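Take a look at the letters that make up each chain.
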Amino acid sequence: MSEQVDVVIIGAGAAGLFCAAQAGQAGCSVVVLDNGKKPGRKILMSGGGRCNFTNMYAEPAAYLSNNPHFCKSALARYTQWDFIELVNRHGIPYHEKALGQLFCDNSAEEIVDLLLKECDDGNVRLRMRSEILAVEGNDEGFLIKLAGAEIQAKSLVVASGGLSMPGLGATPFGYKIAEQFGLPVLPTRAGLVPFTLHKPLLEVLQTLSGIAAPVTIATEGGMSFKESLLFTHRGLSGPAVLQLSSYWQPGESVSINLFPELNIDDFLNAERESHPNQSLKNTLAKHLPKRLVECLQTLGKVPELTLKQLSATQQQQLIDTLQQWQIQPNGTEGYRTAEVTLGGVDTKALSSKTMESSQVPGLYFIGEVMDVTGWLGGYNFQWAWSSAWACAQAV
Ligand code: FDA
């Protein structure tokens, strides 16, 4: 005999736990199945252990999807302010770090505890270390087969996340279930991920490993972010690069403006007036890390001249180079270090109000498994909360 429940949720991550709590509190019997030992493993890792749980400026424009309108309804019905209210209700202290990003003051564990308490209030049963052997559709809904057990559910919610960080339990399970039930899955790729560099450039730039600089970075298509860039021993990282990586296509170059705030022309002219014999290198080092200027010289981007030797044409060339430094990444670090997965279950096959499949009644997809991906800065958790809430109203 199989156990009978209203809702089975696959995945005890951000979306799965939040959906379970809401559905349980609304009176549904809910079981959450997860292949891992601990619930909310990515939450615990997130935001450097402090979980950037939402963003005060969350809005549809901060999400990538083949259908950019899809996320609007859920984000409008369960907003960042709703989740902030929940965090306040649990007495969790938090602060704004930058750009509307809200982080716990203490630990990401507090967000996992919040979700588990909410699940408790809804009498949700969590079955960790569950290996799902098969899922079958039948007249009563879905039969979920586990080793030594079967669960019959009226509704099945797939909240198994994307492919990023396989070390934290990521699997393609959700995509396989979608395909099994005839839903289209869009090609996936790593997002919010560092760039790797081709060897000759890497050999020069890896000496800068650990150095950061504020930049504006842009794709060939004109998408740009003004944040910090970090040089690493593998290539380029930091918020500016992670953000841009979600918009970058293999083979494209990126353009880096190393002086996003300063008028370099005015700066160089003023410096030439007061220190004509100063080297260009020392002049630029007033605004850029010295080792970066040295690397730019090694790469032939900064001539070894004094300010008075620098002609007007050379000055203009230098400005163009420093404001549009073209780098062609070799690729990205891939799912191993990516924060998110772009692509996934095609939203065309889902209701934007409920996250339910239009072809398979009772089958829902929430969170990162679907083709909705947010920017860096709390947007992805907000999508997990909003999509989970929308689904929980319907199951
Ligand atoms: P999530 O991945 O959280 O959960 C999926 C669950 O399904 C996991 O528990 C997994 O074990 C389980 N599962 C997978 N396959 C299964 C199978 N076959 N059987 C059973 N269970 C299975 N976002 C943000 O907004 N702010 C932040 O600070 C960060 N920081 C951050 C840091 C790092 C290191 C990473 C990797 C990611 C972030 N993110 C983030 C992104 C954020 O973590 C992510 O978008 C959400 O966790 C997605 O929530 P989901 O519930 O959809 O998937």
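The structure displayed is predicted, hence computed values, not measured ones. Each chain has its residues counted from 1, running along the sequence as written. Local features in this predicted model are restricted to residues whose pLDDT is 70 or higher, and side-chain atom pairs enter the listing and the counts only when it is 80 or higher, whereas totals over whole chains, interfaces and linings include all residues.

Draft legend 1. View of the overall build of the protein chain. From N to C terminus, the protein chain includes 13 helices and 21 strands. Projected onto the principal axes, the alpha-carbon positions of the protein chain cover approximately 85 × 40 × 35 Å. When each of the 395 residues of the protein chain is scored for burial, the buried share is 45%. Note on contacts: residues are paired as contacts if their backbone-placed C-beta atoms lie within 7 Å. Sequence separation of 24 or more characterises 74% of the internal contacts of the protein chain that already satisfy a separation of 6 or more. A helix here means a DSSP run of H or I that spans at least four residues, while a strand means a run of E at least two residues long, and both kinds are numbered starting from the N terminus. Burial is judged by counting the other C-beta atoms within 10 Å of a residue's own C-beta: 20 or more makes it buried, 12 or fewer makes it exposed, and any count in between marks it as partly exposed, with every C-beta position built from the backbone.

Draft legend 2. Highlighting the sheet that holds strand E13 (residues 212-219). By this definition, two strands are paired if DSSP reports at least two bridges between them. An order of E17-E16-E13-E14-E15-E12-E18 is seen for the 7 strands of this open sheet, with the pairing classed as antiparallel. On the outer flanks of this sheet lie strand E17 (325-327) and strand E18 (331-332), each paired with one strand and no other. Taken together, the 3 bridges between strand E16 (residues 254-257) and E17 define a ladder with antiparallel strand orientation. Bridged to Ile256 within E17 is Trp325.

Draft legend 3. Focus on the environment of Ser358. With respect to the element layout, Ser358 can be found in the loop between strand E19 (340-345) and strand E20 (363-365). Put simply, Ser358 and Thr232 are 126 residues apart on the chain and 45 Å apart in space, counted from C-alpha to C-alpha. Leaving out residues up to four positions away in the same chain, Ser358 has contacts with Ala349, Leu350 and Ser351.

Draft legend 4. Quick look at the UniProt feature "domain: RsdA/BaiN/AoA(So)-like insert" (unreviewed entry) in the protein chain. As annotated by UniProt and renumbered to match this structure, "domain: RsdA/BaiN/AoA(So)-like insert" (unreviewed entry) occupies residues 189-340. Span residues 189-340 is 34% helix and 22% strand, its end C-alpha atoms 9 Å apart. UniProt positions are given in the numbering used here, feature names are shortened, and annotations may be inferred rather than shown by experiment.

Draft legend 5. Structural view of the sheet that holds strand E6 (residues 101-104). Taken in spatial order, the 3 strands make up an open sheet running E3-E6-E5, and their pairing is antiparallel. Taken across any chain shown, the strands that pair with only one partner, and hence form the sheet edges, are strand E3 (52-55) and strand E5 (94-96). Along the sheet, successive strands turn relative to each other by an average axial angle of 25°, direction set aside. Sheet analysis places E3 next to E6, joined by 3 bridges and oriented antiparallel. Looking at the pairing, Asn52 lines up with Phe103 of E6. Those strands touched by helix H4 (residues 80-89) are E3, E5 and E6, and its axis lies near 140° from that of E3. What counts as an axis is a line fitted to C-alpha atoms, over the stretch in contact for a helix, and the angles between N-to-C directions run from 0 to 180 degrees.

Draft legend 6. The UniProt feature "domain: RsdA/BaiN/AoA(So)-like Rossmann fold-like" (unreviewed entry) in the protein chain, seen in detail. The UniProt entry lists residues 6-393 under the feature "domain: RsdA/BaiN/AoA(So)-like Rossmann fold-like" (unreviewed entry), expressed in the numbering used here. Secondary structure across residues 6-393 comprises 31% helix and 25% strand; the distance between its end C-alpha atoms is 13 Å.

Draft legend 7. Expanded view of the packing of helix H1 (residues 14-25) against helix H5 (residues 109-121). Where H1 contacts H5, the axes come no closer than 7 Å and their chain directions differ by 25°. Between H1 and H5, the crossing angle belongs to the class labelled roughly parallel. Crossing of H1 against H5: the hand is left-handed. When H1 is examined against H5, the residues Leu17, Phe18, Ala20, Ala21, Gly24 and Gln25 are found in contact with a partner set consisting of Leu115, Glu118, Cys119 and Asp121. Nonpolar residues are Ala, Val, Leu, Ile, Met, Phe, Trp, Tyr, Cys and Pro. Charged residues are Asp, Glu, Lys and Arg, and all others, Gly as well, are polar. Taken together, the residues of the contact of H1 with H5 break down into 6 nonpolar, 2 polar and 2 charged. Every angle not falling under 35 degrees, over 145, or within 65 to 115 is termed oblique; those three ranges are roughly parallel, roughly antiparallel and roughly perpendicular. Left-handed is the label given to a crossing in which the near helix is rotated counterclockwise from the far helix by less than a right angle, and right-handed is the label when the rotation is clockwise.

Draft legend 8. Just the site of the ligand, in detail. All residues are tested the same way: a C-beta atom is placed from the backbone, and lying within 6 Å of a molecule or strand makes the residue near it. Taken together, 37 residues lie around the ligand, and Gly11, Gly13, Gly161, Gly169 and Gly367 are the ones closest in. Every element with two or more residues in the shell around the ligand is listed here: H1, helix H2 (41-45) and helix H13 (379-394). At 4 residues, the largest contribution of residues to the shell around the ligand is made by H13. Residue composition of the shell around the ligand, by class: 16 nonpolar, 16 polar and 5 charged.

Draft legend 9. Representation of the nonpolar core. A set of buried Ala, Val, Leu, Ile, Met, Phe, Trp, Tyr and Cys residues, joined through C-beta atoms within 7 Å, is what we mean by a nonpolar core. Formed by 118 residues in total, the largest nonpolar core has its most connected members in Val8, Phe18, Cys19 and Val157. By residue number, the principal contributor to this core is H13, which donates 10 residues.

Draft legend 10. Local environment of unusual backbone geometry. Even without a glycine there, the phi angle at Asn123 is positive, about 55°. Summarising the element assignment, Asn123 is placed in the loop between H5 and strand E7 (125-127). According to the C-beta neighbour criterion, Asn123 is exposed, with 12 such atoms within 10 Å. The backbone phi angle of Met355 is positive, close to 70°, even though this residue is not glycine. Here Met355 is to be found in the loop between E19 and E20.

Draft legend 11. Structural view of the pairing of strand E8 (residues 132-138). Bridging between E8 and strand E9 (residues 141-146) involves 6 bridges; their strand directions are antiparallel. Across the sheet, residue Ala134 finds its bridge partner in E9, namely Lys145. Joining the antiparallel neighbours E8 and E9 is a turn of 2 residues.

Draft legend 12. Representation of the packing of H1 against H13 in the model. Running from N to C, H1 and H13 point in directions that differ by 35°, and their axes come no closer than 8 Å. Crossing of H1 over H13 shows right-handed handedness. Within the contact between the two elements, H1 uses Ala14, Ala15, Phe18, Cys19, Gln22 and Ala23 and H13 uses Phe381, Ala384, Trp385, Ser387, Ala388, Trp389, Cys391 and Ala392. Broken down by class, the residue content of the contact of H1 with H13 amounts to 12 nonpolar, 2 polar and no charged.

Draft legend 13. Region of the structure containing the confidence of the model for the protein chain. When pLDDT is averaged across the protein chain, the result is 97; 100% of the residues are at 70 or more. As a predicted assembly, this complex carries a pTM of 0.95 together with an ipTM value of 0.99. Across the chain, each position has a pLDDT score giving the predictor's confidence in that residue, from 0 to 100.

Draft legend 14. Geometry of the environment of Ser228. Following the sequence through the fold, Ser228 ends up in strand E14 (residues 224-231). Looking at Ser228, the number of C-beta atoms within 10 Å reads 15, which means it is partly exposed. The spatial distance from the C-alpha of Ser228 to the C-alpha of Leu186 is 31 Å, given a sequence separation of 42 residues. Excluding residues within four positions of it along the chain, Ser228 makes contact with Ala212, Pro214, Gly238, Pro239 and Ala240.

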